[in-house]
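Analysis of the macromolecular model
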There are 6 protein chains.
Amino acid sequence: MVERQPHIQCRPGDVAPFVLLPGDPGRIHAIAAQLDRWEQIACNREYRTITGTFRGMPVSATSTGIGGPSTAIAVEELIRVGARVLIRVGSAGALQPGIRVGDLLVAVGAVREEGASAMYVPPAYPAVSDHAVLAALLKAAGDLGVTAHAGLVRSHDSFYTDREDELTRFWAGKGVLGSDMETATLLTLARLRGARAASVLNVVVPADGGLEEGINDLVAGKEAARQGETAEIRVALQALHALWTEESG
Amino acid sequence: MVERQPHIQCRPGDVAPFVLLPGDPGRIHAIAAQLDRWEQIACNREYRTITGTFRGMPVSATSTGIGGPSTAIAVEELIRVGARVLIRVGSAGALQPGIRVGDLLVAVGAVREEGASAMYVPPAYPAVSDHAVLAALLKAAGDLGVTAHAGLVRSHDSFYTDREDELTRFWAGKGVLGSDMETATLLTLARLRGARAASVLNVVVPADGGLEEGINDLVAGKEAARQGETAEIRVALQALHALWTEESG
Amino acid sequence: MVERQPHIQCRPGDVAPFVLLPGDPGRIHAIAAQLDRWEQIACNREYRTITGTFRGMPVSATSTGIGGPSTAIAVEELIRVGARVLIRVGSAGALQPGIRVGDLLVAVGAVREEGASAMYVPPAYPAVSDHAVLAALLKAAGDLGVTAHAGLVRSHDSFYTDREDELTRFWAGKGVLGSDMETATLLTLARLRGARAASVLNVVVPADGGLEEGINDLVAGKEAARQGETAEIRVALQALHALWTEESG
Amino acid sequence: MVERQPHIQCRPGDVAPFVLLPGDPGRIHAIAAQLDRWEQIACNREYRTITGTFRGMPVSATSTGIGGPSTAIAVEELIRVGARVLIRVGSAGALQPGIRVGDLLVAVGAVREEGASAMYVPPAYPAVSDHAVLAALLKAAGDLGVTAHAGLVRSHDSFYTDREDELTRFWAGKGVLGSDMETATLLTLARLRGARAASVLNVVVPADGGLEEGINDLVAGKEAARQGETAEIRVALQALHALWTEESG
Amino acid sequence: MVERQPHIQCRPGDVAPFVLLPGDPGRIHAIAAQLDRWEQIACNREYRTITGTFRGMPVSATSTGIGGPSTAIAVEELIRVGARVLIRVGSAGALQPGIRVGDLLVAVGAVREEGASAMYVPPAYPAVSDHAVLAALLKAAGDLGVTAHAGLVRSHDSFYTDREDELTRFWAGKGVLGSDMETATLLTLARLRGARAASVLNVVVPADGGLEEGINDLVAGKEAARQGETAEIRVALQALHALWTEESG
Amino acid sequence: MVERQPHIQCRPGDVAPFVLLPGDPGRIHAIAAQLDRWEQIACNREYRTITGTFRGMPVSATSTGIGGPSTAIAVEELIRVGARVLIRVGSAGALQPGIRVGDLLVAVGAVREEGASAMYVPPAYPAVSDHAVLAALLKAAGDLGVTAHAGLVRSHDSFYTDREDELTRFWAGKGVLGSDMETATLLTLARLRGARAASVLNVVVPADGGLEEGINDLVAGKEAARQGETAEIRVALQALHALWTEESG
C-alpha cells in the first residue's frame, strides 16, 4: 500500500490532476462553495485538501500556508500523488499605481526573491508560468469580465524588513506589478518537476496604501477584496475547466 | 484603539511576555495540556494563539506554520504586541549518529540556510540564541532528566531538493546536530528586534533514517517522538518559569 | 533633427515597430528573401538593418552580432527609434535528446547565465517571453507544420570553457531545451523597457553532437540547418503578421 | 619525535589545555604578570607563547597577531598540540553609545565580516561562543565587579576603508556592540575543530571617538584602557579557573 | 585536413603568431593600410581576418565584434590556429578628467565587470596584461610621441543601464582610467590559455562628455578620434615588431 | 605636531619613500644586513620598522605580520607617512612543478582570495603590480643571476582548511605559480591609494612537498630557503635603487 505523503497526508488517488493552491486554509471554503460537490481529504498543519468536481471536472484544492518553504512541501507532495496542473489563488500587494483592490494579477513570471526556490536551482533560472495555463487564465478573466493585469510579480520572504521602502521602490521601478510570498516557489518547482503551473493573485493592498490596513480589511471582509477572492477562484476554475475540456476532447 | 496585528490577529495585552512557538497549530493543544489554565486568543491561517498561566506565570503560545517566512510574520507581530522572550518548540531531523528520536536539540546557534533572515541582514550576522534563555533551557533539561544535545542546528527552506545527500553530508561534516526550517529566522529576527529567543527541537528523524518514515511516525503518534514533544514543552515551560521567577524576584 | 543612434546608425522612422533580430549579419539576406520588398537602412560593425514589408506589414530586421553585450546595444537603440515587438531568429545547440537539427526552439523563458542582463537587474528577475508574442509564434509554427519545442533555453557567454560538460549536464538535468548567447539579454531588456519580445531558435547542434561540427555544417550550408533557418524566419514573420493584423484590426 | 608546529613553534606538551589569546605579543607580559609562575615556550614572528599556572591551574597564552589569517594559524596549531579551551583577550572599538573605554565586551557571537573564516565554511554558519565558557566569563566579570556588555561583535579585515562611516552605521543599527578583527575567526574555527572558545574585548575606542586617538591612547598607556586590559585578563583567567575546577572536580 | 575554426573560419597556418584585435570589422581596413602587404583570410559574421607583413614581420588582424562573448570566441579560435601574442586595438570612454579624445589608454589590467571571463574563472583572478607586451606598447608610444596613459580600464557588458552615473562615479573614484567592453575578456582568456595579450584603447568619449556624441563623432570621422585610431594601430604594430625582432634575434 | 600612526608608530619623516615589506619581523635583520647603515624607528606588535640607506638611497623596511589585515594596516599607515614605492619580500609555496625552493616568484598580479582587499573594492578589480617596479625587479633578478619566475600568485587567508587539495589543484590548473597571504592586499591597496607596489616571493615549499616540512626547513635555516631570502632582498633593493636613480636622474 502506498504511504500517505507526510505533510499533506494524501495518497495517490486522493487528489485530482488539476489543483488550486490558496495560501490560507480558510480560503478552501470559498473554493468549495464554487464546486458541484466536494469532500475534505486531509487537514494537517496548514495543509487542508479537498477534492470535488467543477462542472463535471475533477478538481482538488490544497492550502499551502504562507511562504515558499511550506509551499514547496505542498507542491512536491501533490505532484508525487498525481497533481499535474497547479494554479495558485492567492493575494498580493500592488506595486504600480492604478491597480485597485480586488483587481487580479496574472503572473507571467516571478522575481525569485524568496529562499525556497534557491535551494533547487540558481536564481538565473526563470520562474515562468506555463504558457498554456497562463493563456487559459487570461481568457477566462476576459470571458468573465474580470479586471486582470498580466505581468511579473515578486515573491519574497518578509514584508516587515527595515528596507521595505527601498525594495518596493526598486521593483516598482522595474515594472513589477505586485508582491506575494509563494508564486516564485510554485513556478520554479512545478517546472523542474515537469508539472504545469500558474498564479492568479487578488490585490488586497494598493501601491500607495499601507500593508496592515489592507490585510486587515481583508480579514474584516471588506467588499472589494472579497469580490476579488471570489473572482480569482472563478477565473482559475474556469481556466482549469477549459484545459480539461481540451485534454478530454 | 490599537489595531489587531494583521496575521496573528492579536492586540497588545493579548499575549504574555513569555511565548512558546511551535510550528504546528496542532501542537498548541499539547502545550495547553501543560498549563494551569488557558484560553484561545485568535486563530487565523496557520497562526493559533493561546494565553494562560504555568505555575502562576503568564505565558502564551503561537503556532508559526512551517518555514521562515511565516515564522518571521509571527515573530514580528508578537514582539509588536508585547512578546519579550520567545522559545521555539519544534521538531528536527538529526545530522549526527547517536542522536535518537525523542532526544532534544537545544540550539546554541543556527546555520542561516533559509531565505527569511537574509531579507533582514547579511549572512555574516550570526543566528545565536540568547545566552540566558539557552542556559535556562539546558538547566531545565538537566533538572527534568531529559536527554538534550546543545550545539548548532541548520535551518533551510526545503528538504525535497535533488541534493539532499550532498547538503546533509556537508553540514554533518561541519558538526551541525540537526536540521529544521524555523530556528535561524527566529534567532536572527528576535535579536535584531531586541527580544530574547532560543529553540528546543524534538528529534523526529534519526541521522540514518529516511525523512518520510520519520515524519510519518510522528504523525502516526509513535511513542518516542510523542514523548520528545511532551519533554520539549516541559523543558521550555520550566525554563521560562525560571527566567520569570528571576525577573520577578 | 534627431540624431542617429550611435551603433545601429538608425533614426526614428527608419525602423518599423516589428523587428526581427538575427545574430548573424549574413542572415539578413535570408530574411530579405522572404519580404515583399526591402531596403538596407544602415550597416555599421555587426549591425545591419533593413526595412521592408511582409504581406503589407512594415517590418525591419537588424543583426545583433554574437553575445549579450552587442545584443543589448541593438535592443536599446532599436527601442529608442521606435521598435515595439522584437523576435530573435537565432540558432541554438540542443540540450535534450530527441531534438533534431532544424527543429525550432521557442523560448518561454531563458536562464540568465550571461553578463549583459546582470548589468540591469539582479538574476532573480526572470527572463520571460511576452506571452502574446510567444502564443503567436507557437500558432504560426503549428499552422506552418514546423516542429517547434516550447520551453526554457539557457543563454551564456562562452561555450569554450573548461567545464562545458558540467554546465551542459547541469542544465540538461533541469529540463532546459537548448543554449544560445542572446535570448536572455533580449527578453530581460525588452521587458524592462516596455517592449515585447520573444525568441525562436534553429537547432544547429544536437545534444549528443559536437559543437564544431554542428556550426560548420551550418556554415557549409547543410540542408537541415538551412531549412531550419528558413523555417524560423517564416514562423517569426507570420507571427508578427498575426499580431499586426490584430493590432490594425 | 613529534615535530614542532611550523608557526607557533610548539610541540604537544608545551601548551596547557586552557589558553589565552591576546592579539599583541606585548600583552603576553601583562598576562604573565597575573600568573603564579610561567616560562616562555617559543617566540616566532607574531607568535609568542608562555605556559604557567594560575592558582594552580596550568594555563598558556599565545599572541595571535592582528587579523583573522594569523589568528587562524595560531588556533589550528594550538589545537594540534593540545589546546581545548581558548579565550581571546583583545581590544575593540565600541559601536554603541554608552560603552566607555575600559568596559569589556563579552562576545555572544560575531559577525563574520573577515575573510579567514570564509575559507572554511559559508557565512551562513554562525560564529558563536561556547555557551559554558561564555557563562563563566560573565560570572567572573560579575564576581570581579567589572563592567561587561554581552552581545554581538563584528570582526572585519580593515578599518581604513573608504566606507567606514557606512559600515559603522549599518552594524551599529543592527545592535552590534563593537568591532575587532579576530573574534569571528576564533569562534568559527574552534567550533569546527571541536574546541571551545570565547572572546572578551577591552574597549579602547568609544563609539563617538576617532579610531586613531583611541588606539594611540592605548599605546600611550592611558589609564582606562590599561585598566580594561588588566580587567579582561583577570576575568578570562578566573573564568578558565572555574571551568578547570569544575572539570577537575 | 584540419578543420576550419567554426566562427573565425581560419585554419592553422592562416594566421600569424602576432595578431591585432580591433572590435570593429571596419577597422581592419585601417590596419591593412599600415601593412606592407596583406590578404583577407576569412569574413564570417563580425569576424574579418587579414594576414600580411609589417616591416617584414608576419602579422594578422581579426575583428572581435562588440563585447566579451564574441571576443572570447575570437581569442579561443585564434589561439587554436596558432596566435601567441594578441593586442586589442579598441576604443574607450575616459573616466578621468584630463584625458582627451585621441589619447591612448594602455591597459595594465582590467576590471572584470563583464560576464564572459566569469564563465572561466572566479572574479578574484586578475585580468592583467602580459608585462613584456605592455612594456613594448609603452615604449612604442614613447618612441612615436603618442600620448598614452598606463593604468587600469574597466570592461563591462552595457553602457545603457539605468545606473551609469553610479557605476561611472564608483570606478572613477577607484582611479580607473576608462571603460571598454572587451579588454578584461581578452586578458583573462589569453593568460589562461598560455598566450600573451595586452590592450591599447583610443579615447573616443571624454570623462565629462556624453556617450552618444562621442561615438557619433567617431562614426562621423572626427579628426581627433581618427588620429587616435591611427596612432593606436601604429603603436601596436611597432610594439609587436619589437617583440618579434627580439624573438627572432 | 603630527601624530604617530597608531600601529606602525611612525611619523612623517621617519620612513623613506622606498620601503621593503617582509612579513616576518625577524626578516628585518636580514634586510638590515644588506644596508649601508640603518636605525630602528619603531617596534610595536608585529610591526618593526627600520630606516637606512642602500648605496646612498634612503630606504625603509617594515614587517607586516602574517595575512592581509595586518598588511593593510601597515600599507595604509606607511603611505600616510610618506611611502611611495613598496615591495613585499615574502615567502610562498609553489603551485607548479619545476619551481624549486629558493627560486623567486615575481608577481605580475595576484588572485584576491583574501578578505582584506574585498573590504575596499569588488573582486573584479585586479590586483596588479606596478609595471615599472615589476620591470625593475625582473631586470635586477636577471642582472644578479637569480632564478625568478614572473606570473600570477594567489593570496589567501588560510592554508589549514579542509579543502586545500581542491584549492591547490584548481589554481594550479589555472596556471598560478604559487601562494602567499599578503600580495593581493598590498597590490590592491597601494594602487587604490596612488602608491606603486610589487612583490617578490622566496619559494619555501615546492609544489609536490608538504607545507609543514617546507616551513620548518625555513625556520631551521635550511640552506636553499635562506639563500632565496637573501636573494629576494638583494633583488628588491637593487630594483628600488634603479628606480631611485632614474627618479633622481
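Above this text you will find the structure in question.
Below, the structure is looked at part by part.

Cut-offs applied
- Residues numbered from 1 in each chain as written.
- Chains lettered and ligands numbered in written order.
- Predicted model: local features only at pLDDT ≥ 70, side-chain atom pairs only at ≥ 80, totals over all residues.
- Heavy atoms only, no water.
- Helix = DSSP H or I, 4+ residues; strand = E, 2+ residues; numbered from the N terminus.
- Buried < 20%, exposed > 50% of the residue type's maximum accessible area, 1.4 Å probe, protein only.
- Contact = heavy atoms within 4.5 Å.
- Areas by Shrake-Rupley, 256 points an atom, 1.4 Å probe, with all protein chains shown as cover.
- Lys, Arg positive; Asp, Glu negative; His and termini not counted.
- Charge placed at Lys NZ, Arg CZ, Asp CG, Glu CD.
- Least-squares fit on C-alpha atoms with pLDDT ≥ 70 in both.
- Phe/Tyr/Trp six-rings, centres within 6.5 Å; stacked < 30°, edge-to-face > 60°.
- Salt bridge = Lys/Arg side-chain N within 4 Å of Asp/Glu carboxyl O.
- Buried area = accessible area lost by both parts, 1.4 Å probe.
- Polar contact = N/O pair within 3.5 Å; in protein donor to acceptor, adjacent residues only side chain to side chain.
- Pairing = 2+ DSSP bridges.
- Arc of directions from axis to C-beta.
- Expected span 1.5 Å × (residues − 1).
- Axes fitted to C-alpha atoms, helices over the stretch in contact; angles between N-to-C directions.
- Parallel < 35°, antiparallel > 145°, perpendicular 65-115°, else oblique.
- Left-handed = near helix turned anticlockwise from the far one by under 90°.

Counting secondary structure elements, chain A contains seven helices and 10 strands. Each principal axis of the C-alpha distribution contributes one length, and for chain A these read about 50 × 40 × 35 Å. Buried positions account for 64% of the 249 residues belonging to chain A. Across chain A, the fraction of contacts at a sequence separation of at least 24, relative to all contacts at a separation of at least 6, is 78%. Approximately 8,200 Å² of chain A is accessible, and the part contributed by carbon and sulfur atoms is 49%. Counting 23 positive and 29 negative side-chain charges, chain A places the centres of these two groups 5 Å from one another.

Here we take up the relation of the copies chain F and chain D. For the match of chain F to chain D, the screw axis carries a shift of 0.0 Å, the RMSD comes to 0.0 Å, and the turn is 180°. These values place the two chain copies in the arrangement generated by a two-fold rotation axis. Among all residues of chain F, the one whose C-alpha sits closest to the rotation axis is F:G115, at a distance of 1.9 Å.

With no contact formed, the shortest span from any C-alpha in chain C to any C-alpha in chain D equals 20 Å. There is no contact between chain B and chain E; across them, the least C-alpha separation is 20 Å.

What follows concerns the packing of aromatic side chains. Under the defined criterion, the tally for this structure stands at 18 aromatic pairs over all chains. Here A:F170 and A:W171 contribute two aromatic rings whose centre-to-centre distance is 4.8 Å and whose plane-to-plane angle is 85°, an arrangement assigned as edge-to-face. Cluster of aromatic residues (ring-pair linked, three or more members): A:Y125, C:F170 and C:W171.

Taken as a whole, this structure holds 78 salt bridges over all chains when the rule is applied. The closest approach of N and O atoms between A:E247 and A:R84, which form a salt bridge, is 3.3 Å. Taken together, the residues span a long stretch of sequence, with A:E247 in helix α7 (residues 223-248) and A:R84 in the loop between α2 (68-80) and β5 (85-94) at a distance of 163 residues. Among the residues examined, A:E247 registers a relative accessible area of 40% and is labelled partly exposed. Exposure remark for A:R84: the relative accessible area of 39% places this residue in the partly exposed category. Ionic pairing is found between B:R88 and B:E182, a salt bridge with its closest N-O pair at 2.8 Å.

Turning our eyes to something else, we now look at the interface of chain F and chain D. Contact with chain F, which involves 48 residues of that partner, is made by 46 residues of chain D. Between chain F and chain D lies a buried interface of about 3,700 Å² when both sides are counted; carbon and sulfur atoms form 56% of it. Scanning the region where chain F abuts chain D turns up four salt bridges. D:D162 serves as the salt-bridge partner of F:R193, at 3.1 Å between the closest nitrogen and oxygen. Inspection of the region where chain F meets chain D yields 14 residue pairs in polar contact (both at pLDDT 80 or more).

Once that is clear, we can look at the pairing of strand β6 (residues 104-113) of chain C. Residue and element names in this part refer to chain C. The element β6 is largely enclosed, with a buried count of 10 among its 10 residues. Both β6 and strand β8 (residues 148-156) contribute to a ladder of nine bridges, which runs parallel. Pairing of L104 across the sheet is with A148, part of β8. Sheet topology places β6 next to strand β10 (residues 196-205); three bridges connect them, and they run antiparallel. By the bridge assignment for β10, V106 is matched with V200. With two bridges connecting them, β6 and strand β7 (residues 127-128) associate as antiparallel partners. Across the sheet, residue A110 finds its bridge partner in β7, namely A127.

Inspection of the secondary structure assignment puts F:T53 in strand β3 (residues 47-54). Ignoring anything within four residues of it in the chain, the contact list for F:T53 reads F:L35, F:D36, F:R37, F:P58 and F:V59.

What follows is about helix α4 (residues 164-173) of chain A. Residues and elements named next belong to chain A. Buried residues of α4: E164, L167 and W171, and no others. For α4, the arc enclosing every buried residue in end-on projection is 65°, short of the 170-degree limit, so these residues lie on one face. Turned more than 90 degrees off the buried face of α4, the exposed positions are D165, R169 and G173. Among the structural elements, β6 (104-113) and β8 (148-156) are those in contact with the buried residues of α4. Immediately downstream of α4, the backbone of G175 shows phi near 85°, a positive value.

Before going further, it helps to examine the environment of B:G56. Residue and element names in this part refer to chain B. Assignment of secondary structure puts G56 in the loop between β3 (47-54) and β4 (57-62). Residue classification places G56 among the partly exposed positions, given a relative accessible area of 44%. Along the chain, G56 and R37 lie 19 residues apart, while their C-alpha atoms are 9.6 Å from each other. Apart from residues lying up to four places away in sequence, G56 is in contact with D36 and W244.

Turning our eyes to something else, we now look at helix α3 (residues 131-144) of chain D. Over its 14 residues, α3(D) runs 20 Å from end to end, which matches the ideal 20 Å to within 8%, given 1.5 Å per residue. Among all positions of α3(D), only D:V133, D:L134, D:A136, D:L137, D:A140 and D:A141 are buried. Each buried residue of α3(D) sits inside an arc of 160° when the element is viewed along its axis, so together they form one side. In α3(D), the exposed positions that point more than 90 degrees away from the buried face belong to D:K139 and D:G142. The inward-facing, buried residues of α3(D) contact α3 (131-144) of chain B together with β5 (85-94), β6 (104-113), β8 (148-156), β10 (196-205) and α7 (223-248) of chain D. A distance of 3.1 Å separates the backbone nitrogen of D:A132 from a side-chain oxygen at the start of α3(D), and that oxygen is part of D:D130. Within two residues after α3(D), D:G145 carries a phi angle of roughly 70°, on the positive side.

A negative phi angle characterises most non-glycine residues, just as the trans form characterises most peptide bonds. The phi dihedral of A:R55 falls on the positive side, at around 50°, and the residue is not glycine. Tracing the chain through its elements places A:R55 in the loop between β3 (47-54) and β4 (57-62). In this structure, F:Q9 takes a positive phi of about 60° despite not being glycine. Tracing the backbone through its elements, the reader meets F:Q9 in the segment before β1 (18-21). For F:Q9, a relative accessible area of 13% puts it in the buried group.

We now examine the packing of helix α3 (residues 131-144) of chain C against helix α7 (residues 223-248) of chain C. Residues and elements named next belong to chain C. As a packed pair, α3 and α7 sit with axes 8 Å apart at the nearest point and diverge in direction by 120°. Taken together, α3 and α7 sit at an angle that is classed as oblique. Note on packing geometry: the crossing formed by α3 with α7 is right-handed. Contact residues: α3 offers A132, V133, A136, L137, A140, A141, D143 and L144, while α7 offers R234, V235, A236, Q238, A239 and L243.

All right, on to the environment of B:D103 then. All names here are of chain B. Residue position: D103 is located in the loop between β5 (85-94) and β6 (104-113). Residue classification places D103 among the buried residues on the basis of a relative accessible area of 4%. Residues D103 and M57, 46 residues apart in the sequence, show an inter-C-alpha distance of 26 Å. In this structure, D103 is in contact with G98, T147, H149, L201, N202 and V203, ignoring residues within four places of it in sequence. There is a polar contact of 2.9 Å between the side chain of D103 and the side chain of H149.

Looking now at the side chain of D:S179. All names here are of chain D. One can find S179 in strand β9 (residues 178-180). Given the relative accessible area of 12%, S179 is considered buried. Among the polar contacts listed, one links the side chain of S179 to the side chain of R154, at a separation of 3.3 Å.

So, on to the pairing of strand β10 (residues 196-205) of chain A. Residue and element names in this part refer to chain A. Judged by how many residues are buried, β10 sits mostly within the fold: nine of 10 residues are covered. With nine bridges joining them, β5 and β10 adopt parallel strand pairing. Pairing of G90 across the sheet is with L201, part of β10.

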